[in-house]
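Descriptive structure summary
The chain contents come next:
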Amino acid sequence: MNNQEISKGPSILDRTRITLREATKRAKAWRTLLSSIPSGNTDIAGNPIPLIPAQRIFRSINVNMDDIDQLKKDHPEARSIRVYLSLPDPKYPYNICGMLVPVDQNNNDMLTTSIEGDTMTEDEILDSVSRSTIYDFTMPCPSMCDPNSQLFNVID
Amino acid sequence: MGKFASVNALSLPLVTEMVEAEVQDTDLAMQDLIIIIDSFTPPSLIIPPPDAYSLAEATEDALIAASKQTVLIFNAQYPHVQLPASNLDYGAVLDYTVRGDIKTLENAISNDLNDWGIDTGFSDEIAAILQPKADKSQFTPLSTYGKINTNNPDNSAENLYWVASFAVFHLSKTDYAVIYGFSAAIA
């Protein structure tokens, strides 16, 4: 198959598109799963209290297009980006944050940059912001949400 | 929408006092306020509430958290726009009712824009976006943003950028209020 034939076929976006009905079903299943995780505590009436309050169910990660453009500019060799989910503080299990990492052509995370003549030790690199290529510019929902979206709705 | 109590127009202690006076179910309100504070505070800065945490303290912290969240989101969303320090309003909406009179929201936005030297004509458009979002938020603390071209004949690229953070919370099982933050700037 040559390039011309490939361009005639459906694009990757066309092939990976899913319907709103399917997306709504998936989003609801996710919210239901998270809301069913027990905290181990019960309320006054003896009902189990969920680990994650309904208002704090993690739904999505919002990424600014300008930040994506900047990332592409700073890492032209990257083939993709990988979003790791993280918990800045385990005491708050619902404060989930994304950590964005460029990924090279061999599917390797690009976690740090090397600088010629640099004498930093591996341990020093672990604590160096300037050497890191891990970004925390994503905005989780909540609180950056669209409550009008069918994908947002709180557990019914 | 409800009765606006702006910290800019009144003061933080006064707005706190007004909210406190409306609360009928302290436990319910405290639960919601603590969620608001957590939601509007960067994860690295969250600290557990102290053992003896009063309703007044929680209300004040929630108001401050909403104001800080608004500025944080504005700067993250519009890094190219200089947000003047004065272009921030925060406070509470008392007697909040879902699908309530949108005029009260329009007036509140209009007052803010006027204070910041921005054409108040945009307030209707912003209110029309904000009210349905607040109505559908179901107690989830949220931030949202928008951009409106100012139709400036001398600068067709000029826009009004705005950010709002809001959270509906319980005053009682059947009565609600909103904590909000709002910022806007022209660039």
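Conventions used here
- Residues numbered from 1 in each chain as written.
- Chains lettered and ligands numbered in written order.
- Predicted model: local features only at pLDDT ≥ 70, side-chain atom pairs only at ≥ 80, totals over all residues.
- Heavy atoms only, no water.
- Axes fitted to C-alpha atoms, helices over the stretch in contact; angles between N-to-C directions.
- Helix = DSSP H or I, 4+ residues; strand = E, 2+ residues; numbered from the N terminus.
- Parallel < 35°, antiparallel > 145°, perpendicular 65-115°, else oblique.
- Left-handed = near helix turned anticlockwise from the far one by under 90°.
- Contact = heavy atoms within 4.5 Å.
- Nonpolar A, V, L, I, M, F, W, Y, C, P; charged D, E, K, R; others polar.
- Buried < 20%, exposed > 50% of the residue type's maximum accessible area, 1.4 Å probe, protein only.
- Pairing = 2+ DSSP bridges.
- Disulfide = S-S within 2.5 Å.
- Buried area = accessible area lost by both parts, 1.4 Å probe.
- Salt bridge = Lys/Arg side-chain N within 4 Å of Asp/Glu carboxyl O.
- Polar contact = N/O pair within 3.5 Å; in protein donor to acceptor, adjacent residues only side chain to side chain.
- Core = buried A, V, L, I, M, F, W, Y, C linked by side-chain atoms within 4.5 Å.

Once that is clear, we can look at the packing of helix H1 (residues 12-22) of chain B against helix H3 (residues 55-77) of chain B. Residue and element names in this part refer to chain B. Put simply, H1 and H3 touch, their axes get as near as 9 Å, and they point 120° apart. Looking at the two axes, H1 sits oblique to H3. Crossing handedness for the pair H1 and H3: right-handed. Contacts between H1 and H3 involve Leu12, Val15, Thr16, Val19 and Glu20 on the former and, on the latter, Leu55, Ala56, Thr59, Glu60, Leu63 and Ile64. A class-by-class count of the residues in the contact of H1 with H3 yields 7 nonpolar, 2 polar and 2 charged.

All names here are of chain A. Of all 7 residues in strand E5 (residues 97-103), 6 are buried, a share of seventy percent or more. Sheet topology note: the strand E4 (residues 80-86)/E5 ladder contains 7 bridges and is antiparallel. Bridged to Ser80 within E5 is Val103.

So, on to the state of the cysteines. All names here are of chain A. This model, assessed by the stated rule, comprises 1 disulfide over all chains. Through a disulfide, Cys141 is tied to Cys145; the S-S separation comes to 2.1 Å. With the S-S dihedral at roughly 110°, the linkage between Cys141 and Cys145 falls on the right-handed side. We note that Cys97 lacks a disulfide partner, and the nearest cysteine sulfur, in Cys141, lies 13 Å from it. Using a relative accessible area of 9% as the deciding quantity, one classes Cys97 as buried.

Of the residues lining the interface, 20 residues belong to chain A; the matching set on chain B comes to 24 residues. Regarding the contact of chain A and chain B, the summed buried area is about 2,000 Å², with carbon and sulfur atoms giving 55% of it. Of the charged contacts, one joins B:Lys133 and A:Asp146 as a salt bridge, the two residues approaching to 3.1 Å between their closest N and O atoms. Counting across the interface, chain A meets chain B through 5 residue pairs in polar contact (both at pLDDT 80 or more).

Formed by 28 residues in total, the largest nonpolar core has its most connected members in B:Val15, B:Val19, B:Leu33, B:Ile36, B:Phe169 and B:Ile179. Those elements that provide at least two residues to this core are H1, helix H2 (26-39), H3, strand E2 (88-96), strand E4 (159-170) and strand E5 (176-186) of chain B. Ranked by residue count, the leading element in this core is H3(B), at 6 residues. B:Val19 has contacts with B:Thr59, B:Ala92, B:Leu94, B:Phe169 and B:Leu171, leaving out every residue within four places of it along the chain. Counting residues in each nonpolar core, the second largest holds 27 residues, with A:Cys141, B:Ile118, B:Leu142 and B:Ile148 among its members.

A word on the sheet that holds strand E1 (residues 3-6) of chain B. Residue and element names in this part refer to chain B. Taken in spatial order, the 5 strands make up an open sheet running E1-E2-E5-E4-E3, and their pairing is antiparallel. Each edge of the open sheet is held by one strand with a lone partner, namely E1 and strand E3 (142-149). For this sheet the average axis-to-axis angle between neighbouring strands, irrespective of direction, equals 25°. Judged from the 4 bridges that link them, E1 and E2 form a sheet pairing that is antiparallel. Paired with Ala5 across the strands is Ala92, a residue of E2. Contacts from H3 reach E2, E3, E4 and E5 within the one sheet, and its direction differs from that of E5 by about 35°.

Purely geometric stuff here, so don't read any function into it on its own.
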